[in-house]
Amino acid sequence: MSNLIELKDVVKYFDDSSSPVLKRVNLAIESGKFYTLLGASGSGKSTILSLISGLLAPSSGDILLNGCRINDIPAEKRPINTVFQDSSALFPHMNVFENVAFGLKIKKIAKAEITRRVREALAMVRLSEFENRPIDRLSGGQKQRVGIARAIVNEPEVLLLDEPLSALDLRLRREMQIELRELQKRLGITFIFVTHDQEEALTMSDEIFIMNEGEIVQSGTPSDIYDEPINHFVATFIGDSNIIDGVMLEDYLVEFVGKQFESVDGGMRKMEPVEVVIRPEDLIITTQNLGKITVTVQTQLYRGSDYEIRTTDELGNTWLIHSTRQAIVGEVVGLDFEPEAIHVMRFNETEADFDARIEEYVEEVETEIGLISEDLS
Ligand code: ADP
Ligand code: MG
(Lines give C-alpha, C1' and ligand atoms only; values in the text may rest on other atoms or scores of the structure.)
(Ligands and ions follow the chains in the order given, each with its own letter.)
Protein backbone atom coordinates (compact mmCIF):
# COMPACT_ATOMS: atom_id res chain seq x y z
CA MET A 1 0.00 0.00 0.00
CA SER A 2 1.21 3.49 -0.74
CA ASN A 3 2.17 5.95 1.91
CA LEU A 4 0.47 9.29 2.42
CA ILE A 5 3.67 11.05 3.48
CA GLU A 6 7.26 9.94 3.20
CA LEU A 7 10.52 11.52 4.24
CA LYS A 8 13.45 10.09 2.30
CA ASP A 9 16.99 10.65 3.56
CA VAL A 10 16.02 14.08 4.83
CA VAL A 11 18.88 16.13 6.24
CA LYS A 12 18.40 19.59 7.72
CA TYR A 13 21.07 22.14 8.55
CA PHE A 14 20.11 25.53 9.92
CA ASP A 15 23.44 27.01 8.96
CA ASP A 16 26.31 25.30 7.17
CA SER A 17 28.84 25.72 9.96
CA SER A 18 27.03 23.59 12.53
CA SER A 19 26.17 19.89 12.57
CA PRO A 20 22.83 18.85 11.08
CA VAL A 21 19.68 19.17 13.17
CA LEU A 22 18.23 16.18 11.29
CA LYS A 23 20.57 13.41 10.11
CA ARG A 24 19.07 11.34 7.28
CA VAL A 25 15.55 10.92 8.55
CA ASN A 26 13.39 8.32 6.83
CA LEU A 27 9.80 7.84 7.79
CA ALA A 28 6.55 6.69 6.27
CA ILE A 29 3.06 7.80 7.25
CA GLU A 30 -0.04 5.91 6.18
CA SER A 31 -3.46 7.42 5.82
CA GLY A 32 -5.90 7.58 8.73
CA LYS A 33 -3.62 6.73 11.64
CA PHE A 34 -2.49 8.51 14.80
CA TYR A 35 1.29 8.96 14.74
CA THR A 36 3.45 10.43 17.47
CA LEU A 37 6.93 11.91 17.31
CA LEU A 38 8.36 11.39 20.78
CA GLY A 39 11.66 12.83 21.92
CA ALA A 40 13.38 15.15 24.35
CA SER A 41 13.40 18.87 23.74
CA GLY A 42 15.79 19.75 20.92
CA SER A 43 15.68 16.30 19.29
CA GLY A 44 14.20 17.68 16.07
CA LYS A 45 10.47 16.99 16.38
CA SER A 46 9.23 20.47 15.45
CA THR A 47 11.72 20.62 12.60
CA ILE A 48 10.17 17.46 11.10
CA LEU A 49 6.69 19.00 11.36
CA SER A 50 7.90 22.21 9.70
CA LEU A 51 9.38 20.20 6.83
CA ILE A 52 6.10 18.31 6.36
CA SER A 53 3.98 21.46 6.52
CA GLY A 54 6.33 23.38 4.22
CA LEU A 55 7.45 26.08 6.65
CA LEU A 56 10.99 24.76 6.17
CA ALA A 57 12.74 23.12 3.22
CA PRO A 58 15.13 20.16 3.64
CA SER A 59 18.85 20.73 3.04
CA SER A 60 18.82 17.43 1.14
CA GLY A 61 16.45 14.51 0.70
CA ASP A 62 12.83 14.42 -0.39
CA ILE A 63 9.38 14.91 1.05
CA LEU A 64 6.66 12.95 -0.72
CA LEU A 65 2.90 13.29 -0.54
CA ASN A 66 0.99 10.39 -2.09
CA GLY A 67 4.22 9.41 -3.83
CA CYS A 68 4.86 12.85 -5.40
CA ARG A 69 7.80 15.02 -4.42
CA ILE A 70 6.51 18.18 -2.72
CA ASN A 71 9.79 19.83 -1.70
CA ASP A 72 8.89 22.87 -3.81
CA ILE A 73 5.17 23.07 -3.07
CA PRO A 74 4.53 26.05 -0.75
CA ALA A 75 2.94 25.50 2.64
CA GLU A 76 -0.44 27.01 1.75
CA LYS A 77 -0.84 24.60 -1.19
CA ARG A 78 -0.30 21.50 0.95
CA PRO A 79 -3.38 19.71 2.39
CA ILE A 80 -1.79 19.96 5.82
CA ASN A 81 -2.62 22.10 8.86
CA THR A 82 -0.81 22.64 12.14
CA VAL A 83 -2.02 23.13 15.70
CA PHE A 84 0.61 24.73 17.92
CA GLN A 85 1.29 24.47 21.63
CA ASP A 86 0.06 27.86 22.73
CA SER A 87 -3.20 29.45 21.76
CA SER A 88 -1.57 32.87 21.32
CA ALA A 89 -2.14 32.44 17.59
CA LEU A 90 -5.87 32.99 18.20
CA PHE A 91 -7.32 36.49 17.66
CA PRO A 92 -8.23 37.71 21.17
CA HIS A 93 -10.80 40.29 20.05
CA MET A 94 -12.80 37.89 17.90
CA ASN A 95 -15.25 35.37 19.21
CA VAL A 96 -14.96 31.62 18.74
CA PHE A 97 -16.94 31.51 15.48
CA GLU A 98 -14.98 34.37 13.91
CA ASN A 99 -11.66 32.78 14.84
CA VAL A 100 -12.56 29.51 13.19
CA ALA A 101 -14.11 31.27 10.15
CA PHE A 102 -11.16 33.60 9.58
CA GLY A 103 -9.13 31.40 7.23
CA LEU A 104 -12.17 30.53 5.14
CA LYS A 105 -13.13 34.20 4.77
CA ILE A 106 -9.64 34.99 3.48
CA LYS A 107 -10.10 32.23 0.92
CA LYS A 108 -13.34 34.00 -0.15
CA ILE A 109 -15.52 30.99 0.46
CA ALA A 110 -19.30 31.63 0.27
CA LYS A 111 -20.88 32.74 3.53
CA ALA A 112 -23.34 29.86 3.82
CA GLU A 113 -20.58 27.33 3.35
CA ILE A 114 -18.41 29.08 5.93
CA THR A 115 -21.23 28.90 8.46
CA ARG A 116 -21.83 25.23 7.73
CA ARG A 117 -18.14 24.27 7.97
CA VAL A 118 -17.43 26.33 11.10
CA ARG A 119 -20.44 24.81 12.90
CA GLU A 120 -19.31 21.34 11.85
CA ALA A 121 -15.79 21.96 13.14
CA LEU A 122 -17.09 23.39 16.43
CA ALA A 123 -19.35 20.38 16.89
CA MET A 124 -16.33 18.11 16.33
CA VAL A 125 -14.44 19.76 19.18
CA ARG A 126 -17.58 20.01 21.36
CA LEU A 127 -17.74 23.81 21.33
CA SER A 128 -21.10 24.36 19.61
CA GLU A 129 -22.47 26.27 22.57
CA PHE A 130 -19.51 28.64 22.60
CA GLU A 131 -19.85 30.15 19.11
CA ASN A 132 -20.29 33.70 20.38
CA ARG A 133 -17.93 33.55 23.34
CA PRO A 134 -14.94 35.96 23.15
CA ILE A 135 -11.62 34.13 23.13
CA ASP A 136 -10.41 35.76 26.35
CA ARG A 137 -13.33 34.26 28.23
CA LEU A 138 -12.37 30.66 27.46
CA SER A 139 -10.38 28.20 29.57
CA GLY A 140 -7.01 26.90 28.38
CA GLY A 141 -8.53 23.65 27.16
CA GLN A 142 -11.31 25.45 25.30
CA LYS A 143 -8.80 27.73 23.59
CA GLN A 144 -6.80 24.70 22.53
CA ARG A 145 -9.98 23.22 21.04
CA VAL A 146 -10.61 26.45 19.09
CA GLY A 147 -7.09 26.06 17.71
CA ILE A 148 -7.94 22.54 16.61
CA ALA A 149 -11.29 23.63 15.09
CA ARG A 150 -9.47 26.32 13.15
CA ALA A 151 -7.18 23.68 11.67
CA ILE A 152 -9.80 21.04 10.86
CA VAL A 153 -12.19 23.56 9.27
CA ASN A 154 -9.77 23.54 6.30
CA GLU A 155 -10.48 19.83 5.89
CA PRO A 156 -6.81 18.88 5.75
CA GLU A 157 -5.64 15.36 4.94
CA VAL A 158 -3.07 15.63 7.67
CA LEU A 159 -3.19 17.45 10.96
CA LEU A 160 0.11 18.25 12.65
CA LEU A 161 -0.07 18.87 16.39
CA ASP A 162 3.03 20.35 18.01
CA GLU A 163 2.85 19.66 21.76
CA PRO A 164 -0.74 20.95 21.86
CA LEU A 165 -1.34 19.69 25.40
CA SER A 166 1.88 20.52 27.19
CA ALA A 167 0.65 23.86 28.55
CA LEU A 168 -2.43 22.30 30.17
CA ASP A 169 -2.68 21.01 33.72
CA LEU A 170 -2.62 17.26 34.24
CA ARG A 171 -6.37 16.67 34.56
CA LEU A 172 -7.23 18.70 31.49
CA ARG A 173 -4.41 17.07 29.59
CA ARG A 174 -5.82 13.61 30.30
CA GLU A 175 -9.27 14.74 29.11
CA MET A 176 -7.84 16.27 25.96
CA GLN A 177 -5.80 13.15 25.24
CA ILE A 178 -8.97 11.10 25.10
CA GLU A 179 -10.78 13.79 23.11
CA LEU A 180 -8.00 14.10 20.55
CA ARG A 181 -7.83 10.36 20.08
CA GLU A 182 -11.61 10.20 19.55
CA LEU A 183 -11.52 13.20 17.25
CA GLN A 184 -8.90 11.51 15.08
CA LYS A 185 -11.10 8.42 14.80
CA ARG A 186 -14.20 10.49 13.96
CA LEU A 187 -12.43 12.56 11.33
CA GLY A 188 -10.51 9.59 9.94
CA ILE A 189 -7.63 11.85 8.92
CA THR A 190 -3.97 11.38 9.74
CA PHE A 191 -2.67 13.00 12.91
CA ILE A 192 1.03 13.58 13.51
CA PHE A 193 1.30 14.51 17.15
CA VAL A 194 4.42 15.74 18.92
CA THR A 195 5.15 15.21 22.59
CA HIS A 196 8.04 14.70 24.98
CA ASP A 197 5.76 12.74 27.34
CA GLN A 198 6.26 8.97 27.05
CA GLU A 199 3.01 8.01 28.72
CA GLU A 200 1.06 10.34 26.45
CA ALA A 201 2.71 8.75 23.41
CA LEU A 202 2.04 5.21 24.61
CA THR A 203 -1.64 5.80 25.36
CA MET A 204 -2.57 7.82 22.28
CA SER A 205 -0.69 6.47 19.29
CA ASP A 206 -1.13 3.84 16.62
CA GLU A 207 2.55 4.30 15.88
CA ILE A 208 5.41 6.11 17.59
CA PHE A 209 8.65 7.46 16.17
CA ILE A 210 11.26 7.84 18.90
CA MET A 211 13.69 10.64 18.22
CA ASN A 212 17.11 11.29 19.68
CA GLU A 213 19.50 14.01 18.53
CA GLY A 214 18.08 14.42 15.05
CA GLU A 215 17.50 10.75 14.33
CA ILE A 216 14.57 8.36 14.50
CA VAL A 217 15.98 5.62 16.69
CA GLN A 218 12.96 3.32 16.69
CA SER A 219 9.47 3.26 15.24
CA GLY A 220 6.56 0.95 15.87
CA THR A 221 3.37 0.41 17.82
CA PRO A 222 3.46 1.32 21.51
CA SER A 223 3.65 -2.35 22.53
CA ASP A 224 6.41 -3.11 19.98
CA ILE A 225 8.50 -0.36 21.45
CA TYR A 226 7.71 -1.10 25.08
CA ASP A 227 8.24 -4.87 24.77
CA GLU A 228 11.17 -4.77 22.38
CA PRO A 229 13.23 -1.62 22.74
CA ILE A 230 16.18 -1.84 20.36
CA ASN A 231 18.74 -0.24 22.64
CA HIS A 232 19.59 1.20 26.03
CA PHE A 233 18.36 4.67 25.08
CA VAL A 234 14.87 3.48 24.07
CA ALA A 235 14.60 1.07 27.01
CA THR A 236 15.25 3.84 29.52
CA PHE A 237 13.32 6.52 27.64
CA ILE A 238 10.13 4.46 27.46
CA GLY A 239 8.98 3.30 30.85
CA ASP A 240 11.06 2.07 33.78
CA SER A 241 13.44 -0.78 33.23
CA ASN A 242 16.16 -2.88 34.78
CA ILE A 243 19.09 -3.04 32.37
CA ILE A 244 21.95 -5.33 33.13
CA ASP A 245 25.03 -6.56 31.25
CA GLY A 246 24.95 -10.15 30.09
CA VAL A 247 26.29 -12.65 27.59
CA MET A 248 24.24 -14.50 24.99
CA LEU A 249 25.70 -18.00 25.38
CA GLU A 250 23.73 -19.39 22.44
CA ASP A 251 20.24 -18.94 21.00
CA TYR A 252 17.67 -18.88 23.80
CA LEU A 253 20.25 -19.04 26.57
CA VAL A 254 21.52 -15.88 28.25
CA GLU A 255 23.80 -15.36 31.23
CA PHE A 256 23.64 -12.49 33.69
CA VAL A 257 24.42 -11.99 37.40
CA GLY A 258 26.56 -15.12 37.05
CA LYS A 259 23.60 -17.37 36.21
CA GLN A 260 22.10 -18.87 33.07
CA PHE A 261 18.54 -18.20 32.01
CA GLU A 262 16.25 -19.50 29.33
CA SER A 263 15.37 -16.69 26.93
CA VAL A 264 13.13 -16.23 23.90
CA ASP A 265 15.71 -14.19 21.98
CA GLY A 266 17.97 -15.51 19.29
CA GLY A 267 19.90 -14.68 16.15
CA MET A 268 23.02 -13.39 17.90
CA ARG A 269 26.62 -14.58 17.91
CA LYS A 270 27.61 -17.21 20.48
CA MET A 271 29.07 -15.57 23.58
CA GLU A 272 28.03 -12.14 22.36
CA PRO A 273 28.04 -9.44 25.08
CA VAL A 274 24.51 -8.01 25.39
CA GLU A 275 22.29 -5.90 27.56
CA VAL A 276 19.32 -7.53 29.24
CA VAL A 277 16.10 -5.65 30.01
CA ILE A 278 13.49 -6.76 32.50
CA ARG A 279 10.55 -4.45 33.19
CA PRO A 280 9.77 -3.79 36.89
CA GLU A 281 6.24 -5.18 36.56
CA ASP A 282 7.61 -8.50 35.24
CA LEU A 283 9.53 -9.23 38.44
CA ILE A 284 7.68 -11.34 40.98
CA ILE A 285 8.73 -11.29 44.62
CA THR A 286 8.84 -14.76 46.10
CA THR A 287 10.76 -16.71 48.73
CA GLN A 288 14.50 -17.02 48.41
CA ASN A 289 14.45 -20.72 47.43
CA LEU A 290 11.81 -20.18 44.71
CA GLY A 291 13.48 -17.09 43.22
CA LYS A 292 15.90 -17.01 40.30
CA ILE A 293 17.82 -14.16 41.89
CA THR A 294 18.24 -13.30 45.56
CA VAL A 295 17.89 -9.65 46.53
CA THR A 296 17.57 -7.45 49.60
CA VAL A 297 14.74 -4.91 49.80
CA GLN A 298 16.20 -1.40 50.13
CA THR A 299 13.28 1.01 49.79
CA GLN A 300 9.58 0.89 49.19
CA LEU A 301 7.30 3.60 47.88
CA TYR A 302 3.50 3.36 47.84
CA ARG A 303 2.17 4.86 44.59
CA GLY A 304 -1.58 4.47 44.97
CA SER A 305 -1.99 1.59 42.53
CA ASP A 306 1.18 -0.34 43.42
CA TYR A 307 4.45 -0.31 45.31
CA GLU A 308 7.74 0.71 43.79
CA ILE A 309 10.31 -1.46 45.47
CA ARG A 310 14.06 -1.00 45.10
CA THR A 311 16.25 -4.01 45.82
CA THR A 312 19.89 -5.00 45.33
CA ASP A 313 21.42 -8.39 44.52
CA GLU A 314 24.64 -9.88 45.92
CA LEU A 315 26.66 -8.25 43.14
CA GLY A 316 25.33 -4.81 43.94
CA ASN A 317 22.96 -4.50 40.95
CA THR A 318 19.75 -2.59 41.62
CA TRP A 319 16.48 -4.30 40.73
CA LEU A 320 13.39 -2.12 40.55
CA ILE A 321 10.08 -3.90 41.08
CA HIS A 322 6.49 -2.74 40.63
CA SER A 323 4.28 -4.92 42.77
CA THR A 324 0.75 -4.78 44.12
CA ARG A 325 2.06 -6.66 47.15
CA GLN A 326 3.98 -4.98 49.90
CA ALA A 327 7.54 -5.94 50.87
CA ILE A 328 9.51 -5.34 54.05
CA VAL A 329 12.58 -3.13 53.94
CA GLY A 330 15.66 -5.16 54.87
CA GLU A 331 14.06 -8.47 53.97
CA VAL A 332 15.93 -10.95 51.75
CA VAL A 333 13.63 -12.29 49.03
CA GLY A 334 13.75 -14.16 45.74
CA LEU A 335 12.88 -12.66 42.35
CA ASP A 336 11.14 -14.81 39.80
CA PHE A 337 10.46 -13.98 36.15
CA GLU A 338 9.35 -15.74 32.98
CA PRO A 339 11.69 -16.29 29.99
CA GLU A 340 9.37 -13.95 28.04
CA ALA A 341 10.12 -11.16 30.54
CA ILE A 342 13.79 -11.17 29.51
CA HIS A 343 14.47 -8.93 26.55
CA VAL A 344 18.00 -9.14 25.15
CA MET A 345 19.50 -6.17 23.28
CA ARG A 346 22.61 -6.18 21.12
CA PHE A 347 25.06 -3.32 21.37
CA ASN A 348 24.93 -0.91 18.40
CA GLU A 349 22.14 -2.69 16.57
CA THR A 350 20.27 -0.45 14.14
CA GLU A 351 16.52 -0.60 13.74
CA ALA A 352 16.88 -2.21 10.29
CA ASP A 353 19.19 -4.95 11.66
CA PHE A 354 16.85 -5.48 14.57
CA ASP A 355 13.79 -5.82 12.29
CA ALA A 356 15.61 -8.28 10.02
CA ARG A 357 16.72 -10.38 12.98
CA ILE A 358 13.24 -10.49 14.51
CA GLU A 359 11.73 -11.44 11.15
CA GLU A 360 14.19 -14.29 10.75
CA TYR A 361 13.54 -15.41 14.29
CA VAL A 362 9.76 -15.42 13.80
CA GLU A 363 10.19 -17.47 10.61
CA GLU A 364 12.36 -19.95 12.47
CA VAL A 365 9.80 -20.32 15.24
CA GLU A 366 7.00 -20.72 12.71
CA THR A 367 8.96 -23.44 10.92
CA GLU A 368 9.53 -25.19 14.23
CA ILE A 369 5.86 -25.00 15.11
CA GLY A 370 5.09 -26.31 11.62
CA LEU A 371 7.38 -29.29 12.20
CA ILE A 372 5.86 -30.03 15.57
CA SER A 373 2.32 -30.00 14.22
CA GLU A 374 3.44 -32.31 11.37
CA ASP A 375 4.85 -34.69 13.97
CA LEU A 376 1.56 -34.68 15.81
CA SER A 377 -0.57 -35.42 12.75
P1 ADP B 1 12.13 19.79 19.33
O2 ADP B 1 10.88 20.24 18.67
O3 ADP B 1 12.31 18.31 19.34
O4 ADP B 1 12.30 20.37 20.69
P5 ADP B 1 13.44 21.37 17.28
O6 ADP B 1 13.09 20.68 16.01
O7 ADP B 1 12.68 22.61 17.61
O8 ADP B 1 13.39 20.33 18.48
O9 ADP B 1 14.98 21.77 17.25
C10 ADP B 1 16.00 20.85 16.96
C11 ADP B 1 17.33 21.58 17.03
O12 ADP B 1 17.38 22.57 16.03
C13 ADP B 1 17.57 22.29 18.34
O14 ADP B 1 18.91 22.14 18.70
C15 ADP B 1 17.27 23.74 18.01
O16 ADP B 1 18.02 24.60 18.82
C17 ADP B 1 17.67 23.84 16.56
N18 ADP B 1 16.86 24.84 15.83
C19 ADP B 1 15.52 24.84 15.70
N20 ADP B 1 15.09 25.85 14.93
C21 ADP B 1 16.20 26.55 14.58
C22 ADP B 1 16.45 27.71 13.78
N23 ADP B 1 15.44 28.37 13.20
N24 ADP B 1 17.73 28.11 13.63
C25 ADP B 1 18.75 27.44 14.20
N26 ADP B 1 18.60 26.34 14.95
C27 ADP B 1 17.35 25.89 15.15
MG1 MG C 1 9.37 21.47 19.44
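From a predicted model like this one, the values you see are computed outputs, not experimental measurements.

Caption draft 1: Up close: the sheet that holds strand E10 (residues 215–220). The sheet built from 6 strands is open, its strands ordered E6-E7-E8-E3-E9-E10 with mixed pairing. A strand with exactly one partner marks an edge of an open sheet, and here the two such strands are strand E6 (80–83) and E10. The average angle at which neighbouring strand axes cross in this sheet is 20°, direction not considered. The sheet contact formed by E6 and strand E7 (residues 158–162) spans 4 bridges and is parallel. Paired with valine 83 across the bridge in E7 is leucine 161. Contacting E6 and E7, helix H4 (residues 140–152) runs over the sheet at an angle of about 170° to E6. Along the sheet, helix H5 (residues 170–187) makes contact with strand E3 (34–39), E7 and strand E8 (190–195), crossing E8 at roughly 160°.

Caption draft 2: Highlighting unusual backbone geometry. Of note in this structure, tyrosine 252 is not a glycine but carries a positive phi near 65°. Its location among the elements puts tyrosine 252 in the loop between strand E11 (242–250) and strand E12 (253–256). With relative accessibility at 26%, the residue tyrosine 252 sits in the partly exposed group. One non-glycine residue, asparagine 348, adopts positive backbone phi at about 55°. For asparagine 348, the location among the structural elements is in the loop between strand E20 (343–346) and helix H9 (351–376). On the accessibility criterion, asparagine 348 (78% relative accessible area) is exposed.

Caption draft 3: Highlighting helix H1 (residues 45–53). Among the 9 residues that make up H1, 8 are buried, leaving the element largely enclosed by the rest of the structure. Positive backbone phi, approximately 100°, marks glycine 54, located one or two places after H1.

Caption draft 4: Quick look at the site of ligand 1. If you check the shell around ligand 1, you find Phe14, Val21, Ala40, Ser41, Gly42, Ser43, Gly44, Lys45, Ser46 and Thr47 and nothing else. Serine 46 places a polar side-chain atom, nitrogen or oxygen, 2.8 Å from an oxygen atom of ligand 1. Between threonine 47 and ligand 1, the recorded distance is 2.5 Å, taken from a side-chain N or O atom to an oxygen atom.

Caption draft 5: Here's a closer look at the environment of methionine 268. Among the structural elements, methionine 268 can be located in the loop between strand E13 (259–262) and strand E14 (272–278). The class of methionine 268 is buried, set by a relative accessible area of 10%. What methionine 268 contacts, discounting residues up to four positions off in sequence, is Met248, Asp251, Val274, Val344, Arg346 and Arg357.

Caption draft 6: H4, seen in detail. Over its 13 residues, H4 extends 19 Å from the first C-alpha to the last, a length consistent with the 18 Å expected when each residue adds 1.5 Å. Across the 13 residues that make up H4, a large majority, 10, are buried. For H4, every residue scored as buried is listed here: Gly141, Gln142, Gln144, Arg145, Val146, Gly147, Ile148, Ala149, Ala151 and Ile152. Check the buried side of H4 and you find it contacts E6, helix H2 (96–106), helix H3 (111–124), E7 and H5.

Analysis parameters
Residues numbered from 1 in each chain as written. Chains lettered and ligands numbered in written order. Predicted model: local features only at pLDDT ≥ 70, side-chain atom pairs only at ≥ 80, totals over all residues. Heavy atoms only, no water. Pairing = 2+ DSSP bridges. Helix = DSSP H or I, 4+ residues; strand = E, 2+ residues; numbered from the N terminus. Axes fitted to C-alpha atoms, helices over the stretch in contact; angles between N-to-C directions. Contact = heavy atoms within 4.5 Å. Buried < 20%, exposed > 50% of the residue type's maximum accessible area, 1.4 Å probe, protein only. Near = heavy atom within 4 Å. Polar contact = N/O pair within 3.5 Å; in protein donor to acceptor, adjacent residues only side chain to side chain. Expected span 1.5 Å × (residues − 1).

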